[in-house]
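Each chain, letter by letter, is given below.
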Amino acid sequence: MSIPDLNLLITLDAVLAEGSVARAAARLRLSPSAMSRALARLRETTGDPLLVRAGRGLVPTPRALELREQVSQLVQGAQAALRPVTQLDLAKLTQSFTLRTSDGFVENFGPALIARISAEAPGVRLTFMPKLNKDSALLRDGTVDLETGVVGDSISPEVRTRALFRDRFIGVMRIGHPLSQLEMTPAVYASGQHVLVARRTQSKGPMADALKPYGLERDVLTTVGGFSAALALARASDLIATVPERHTGNLRAGMHSFELPFPALEITVSMLWHPRMDADPGHRWLRQCLWEVCAG
């Protein structure tokens, strides 16, 4: 069996990334004729046209779309393997990183992370982007360098993860809330008016399932998209918020927190990144900083 020309992977990566033979040629610094010959070899090797004409442009075939992510990872992995290993000089590091996370995570862990990074690598800059969904596309295309959250079924299988900490849900209400003077039981908890944190308006949240064995339901007066908003409402009203304990430590200052009077969901908060960043020295350092900050 003949060994395929692995140089074709670089050509294929450029063609699939650019979606244009001319732009791929410019990216690889090839002449148009050389690029046309390389594309012909690719089509012969893969047994697929890869790009087909649609009007004045070219569109990828289903096989090309299937290959795009796999080929990109192979090329990036090969480039990382052949790149000389250099000692990371934090004092001279000038990288910028974008982290996608919730507002509560930023408010609770952001100050310590920024202080740690400023002390070790003053040239590094962080951008925090709000996390509105669990789609991995932003990690895949490089818009986001690192992400935090609970790993779910919607996370792309190629994404790397590392657990940061375990968390449990607790109840929170304002100081002086009428129910804060009572022994907290499932019935007392359910008797209050609640603010629910959910991205989907149809969701009743995990506490609904926890109350079912007691034949109880919460009176959910309002729904918000994040724990920060839920706590802000609970602080200024008689609403009860149910939030992760560690995730909201700073946000709950000056409020009455209580253990839930029934077995409640525990979660693992992790950091997530794309495998192409595995070997990047600056990214590896950032991951270690975040892990140590969250470890306390």
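Notes on the structure follow. As the structure is a computational prediction, the values presented were derived from the model and not from experiment.

Quick notes on the rules
Residues numbered from 1 in each chain as written. Predicted model: local features only at pLDDT ≥ 70, side-chain atom pairs only at ≥ 80, totals over all residues. Heavy atoms only, no water. Helix = DSSP H or I, 4+ residues; strand = E, 2+ residues; numbered from the N terminus. Rg over C-alpha atoms; globule rule 2.2 N^0.38 Å. Buried < 20%, exposed > 50% of the residue type's maximum accessible area, 1.4 Å probe, protein only. Axes fitted to C-alpha atoms, helices over the stretch in contact; angles between N-to-C directions. Parallel < 35°, antiparallel > 145°, perpendicular 65-115°, else oblique. Left-handed = near helix turned anticlockwise from the far one by under 90°. Contact = heavy atoms within 4.5 Å. Nonpolar A, V, L, I, M, F, W, Y, C, P; charged D, E, K, R; others polar. Phe/Tyr/Trp six-rings, centres within 6.5 Å; stacked < 30°, edge-to-face > 60°. Lys NZ or Arg CZ within 6 Å of the ring centre and 35° of its normal. Arc of directions from axis to C-beta. 1 Å grid on protein atoms, 1.4 Å probe; cavity = no way out; pocket = protein on both sides within 12 Å on 5 of 7 lines; lining within 4 Å. Points joined across faces, edges and corners; volume = space filled by probe spheres on them. Core = buried A, V, L, I, M, F, W, Y, C linked by side-chain atoms within 4.5 Å. Disulfide = S-S within 2.5 Å.

### Some points on the overall build of the protein
Then step 1. The helix and strand tally for the protein stands at ten helices and eleven strands.
Then step 2. For the protein, the C-alpha radius of gyration of 25 Å lies well beyond 19 Å, the compact-globule estimate for 296 residues.
Then step 3. Projected onto its principal axes, the C-alpha positions of the protein cover 80 × 45 × 40 Å.
Then step 4. Within the protein, buried positions represent 39% of all 296 residues.

### Focus: the packing of helix α5 (residues 103-120) against helix α10 (residues 281-295)
Then step 1. Relative orientation of the contacting elements α5 and α10 amounts to 125°, with a least axis distance of 10 Å. Classified by the interaxial angle, the pair formed by α5 and α10 is oblique. Both α5 and α10 take part in a crossing whose hand is right-handed. Here F105, F109, A112, L113, R116, I117 and E120 of α5 come into contact with α10, specifically with W285, L286, C289, L290, E292, V293 and C294.
Then step 2. Split by residue class, the contact of α5 with α10 holds eleven nonpolar, no polar and three charged.

### Regarding the packing of aromatic side chains
Then step 1. What the rule picks out here adds up to six aromatic pairs.
Then step 2. When the ring of Y214 is compared with that of F262, the centres are 6.4 Å apart and the planes differ by 50°; the resulting orientation is tilted. You can see Y214 sitting in the loop between α8 (206-211) and β8 (219-224) and its partner F262 sitting in the loop between β10 (255-258) and β11 (266-273), a full 48 residues away along the chain.
Then step 3. A connected cluster of aromatic rings, assembled from ring pairs, spans Y189, Y214, F258 and F262.
Then step 4. If you follow R246 out to its NZ or CZ, it ends over the ring of F165, 4.6 Å from the centre.

### Details of helix α2 (residues 21-28)
Then step 1. Considered for burial, the residues of α2 that qualify are V21, A24 and A25. For α2, the arc enclosing every buried residue in end-on projection is 100°, short of the 170-degree limit, so these residues lie on one face. What points out from α2, more than 90 degrees from its buried face, is the exposed set A22 and A26.
Then step 2. Buried residues belonging to α2 abut α1 (7-18), α3 (32-46), β1 (51-54) and β2 (57-60).

### Points about the layout of surface pockets
Then step 1. The volume enclosed by the largest pocket comes to roughly 1200 Å³.
Then step 2. Along its surface, the largest pocket is lined by 37 residues, and K134, V197, A198, R199 and F227 are the ones closest to its centre.
Then step 3. Those elements that provide at least two residues to the lining of the largest pocket are α5, β5 (146-150), β7 (193-197), α8, α9 (227-235), β9 (240-244) and β11.
Then step 4. Its residues assigned to classes, the lining of the largest pocket shows 17 nonpolar, twelve polar and eight charged.

### Here we look at the nonpolar core
Generally speaking, soluble globular proteins have nonpolar side chains that are buried together.
Then step 1. Among the nonpolar cores identified, the biggest contains 38 residues, and F105, Y189, W285 and L290 are the most heavily contacted of them.
Then step 2. At the level of elements, β3 (96-101), α5, β6 (160-174), α7 (186-191), α8, β11 and α10 are the ones that each hand at least two residues to this core.
Then step 3. Filtering out sequence-adjacent residues up to four positions away, L290 remains in contact with F105, L113, L146, T148, L164 and M271.
Then step 4. Listed in part, the 17 residues of the second largest apolar core include L16, A24, L67 and V75.

### Considering the state of the cysteines
Then step 1. Under the definition given, this model contains zero disulfides.
Then step 2. In this model C289 remains outside any disulfide bridge; the closest cysteine sulfur is found in C294, 11 Å from its own.
Then step 3. Its relative accessible area of 0% is what places C294 among the buried residues.

### Some thoughts on unusual backbone geometry
Then step 1. Of note, R29 is a non-glycine position whose phi angle comes to about 60°, a positive value.
Then step 2. Relative accessible area serves as the criterion here: at 79%, R29 is assigned to the exposed category.
Then step 3. Of note, the phi angle at L50 is positive, near 70°, even though the residue is not glycine.
Then step 4. On the secondary structure map, L50 appears in the loop between α3 and β1.

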